Amino acid sequence: MKPSSDIARLLEIMAALRTPGTGCPWDLEQDFSSIVPYTLEEAYEVVDAIERGDLADLKDELGDLLLQVVFHARMAEEKGIFAFPDVVEAITRKLIRRHPHVFGETKDLAPQQVKTLWDEIKREEKAERRQVREKMGLPPEAHGGGFLGGIPTALPALTRAQKLTTKAAKVGFDWPDPAQVIDKIHEELEEVKEASSSGERGRIEDEIGDLLFSVTNLARHFGIDPETALRRTNAKFERRFGAVEEGLRSQGRSLNGASLEEMEELWVRAKLAERET
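The rules we used
Residues numbered from 1 in each chain as written. Predicted model: local features only at pLDDT ≥ 70, side-chain atom pairs only at ≥ 80, totals over all residues. Heavy atoms only, no water. Salt bridge = Lys/Arg side-chain N within 4 Å of Asp/Glu carboxyl O. Helix = DSSP H or I, 4+ residues; strand = E, 2+ residues; numbered from the N terminus. Buried < 20%, exposed > 50% of the residue type's maximum accessible area, 1.4 Å probe, protein only. 1 Å grid on protein atoms, 1.4 Å probe; cavity = no way out; pocket = protein on both sides within 12 Å on 5 of 7 lines; lining within 4 Å. Points joined across faces, edges and corners; volume = space filled by probe spheres on them. Phe/Tyr/Trp six-rings, centres within 6.5 Å; stacked < 30°, edge-to-face > 60°. Lys NZ or Arg CZ within 6 Å of the ring centre and 35° of its normal.

1. Concerning the pattern of salt bridges
Per the counting criterion, the structure on display carries 23 salt bridges. Of the charged contacts, one joins Asp48 and Arg52 as a salt bridge, the two residues approaching to 2.8 Å between their closest N and O atoms. Here the residue Asp48 and the residue Arg52 both occupy positions in helix α3 (residues 36-52), the gap between them amounting to 4 residues, near one helical turn. Classification of Arg52 as partly exposed rests on a relative accessible area of 44%. Between Lys184 and Glu188 there is a salt bridge whose closest N-O contact spans 3.4 Å. With Lys184 and Glu188 both in helix α9 (residues 178-198), this residue pair falls 4 residues apart, about one helical turn.

2. Here we look at the layout of surface pockets
The calculated volume of the second largest pocket comes to roughly 250 Å³. Lining of the second largest pocket is provided by 13 residues; of these, Thr165, Phe173, Trp175, Phe213 and Asn217 occupy positions nearest its centre. Of all the secondary structure elements, the ones that give two or more residues to the lining of the second largest pocket are α8 (157-169), α9 and α10 (201-221). Sort the elements by how many residues they give to the lining of the second largest pocket and α10 lands first, with 5 residues.

3. Remarks on the packing of aromatic side chains
Within the structure shown, the criterion is met by 3 aromatic pairs. Residues Trp26 and Tyr38 carry aromatic rings whose centres are separated by 5.6 Å and whose planes lie at 85° to one another, so their mutual orientation is edge-to-face. Note that Trp26 is positioned in helix α2 (residues 25-28) and Tyr38 in helix α3, a separation of 12 residues in sequence. According to the relative accessible area criterion, Tyr38 is partly exposed, its value standing at 36%. An aromatic cluster is present here, built from Phe237, Phe241 and Trp267 joined pairwise through their rings. One cation-aromatic arrangement involves Lys167 over Phe147; the distance from NZ or CZ to the ring centre is 5.8 Å.

All we've got here are geometric facts, nothing functional implied.
Below you can see the structure in the form of structure tokens.
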């Protein structure tokens, strides 16, 4: 079987891998749950390629992510639920429906009008999904009911916290001023200090969670994605720690043989060097 740019060939390959008797034993034993970790990993690898500006790698990572979609669709087809064409039809229908100002008669809308229309369409879609789920014997809401329903629990915690506070803010449940959020962060930090003195792990965990939630809320107030901010800080830490390691190596030494003070000195040097560039 030769490679091809035709999506049909990819679907054929996936079907062959999942054919009992002649397919791949590993692929055949997979189910929706078992490949979830790979789906998440591939999505993050796409993000990583973008953040590194590696477009050659991005092409490969997008292919890996597409494979995950095809894999899930193939397993659903085997169960007679839906197939890959149904996935494509669903997303094209959604895009056309959510952009009547592009594909319909509604033209020349201001950005705020587009947003209002988008919210209205999403409410209609939610009602329709509820009817479909009820016909299938499923709970009306995929992620639970209530105003904050619909936000997947599998999202990264920072991202989910941001989405929760964004949704709550739509009905006025929000600090109007970022300074108030900063005050809340100081309050939560004090509670972490109090909890740490108690030595109770559960209490400390709760207070640190509250602190992280408040910091995430502050990021939202400034229009900053907390996941992106933390990824950038992770990369910065890794880069500077690498400089510390390289500095010690140039002295014929290793990390294990250096004191905290020596590593701190090299860290400061790396930090200053970054600021000068």
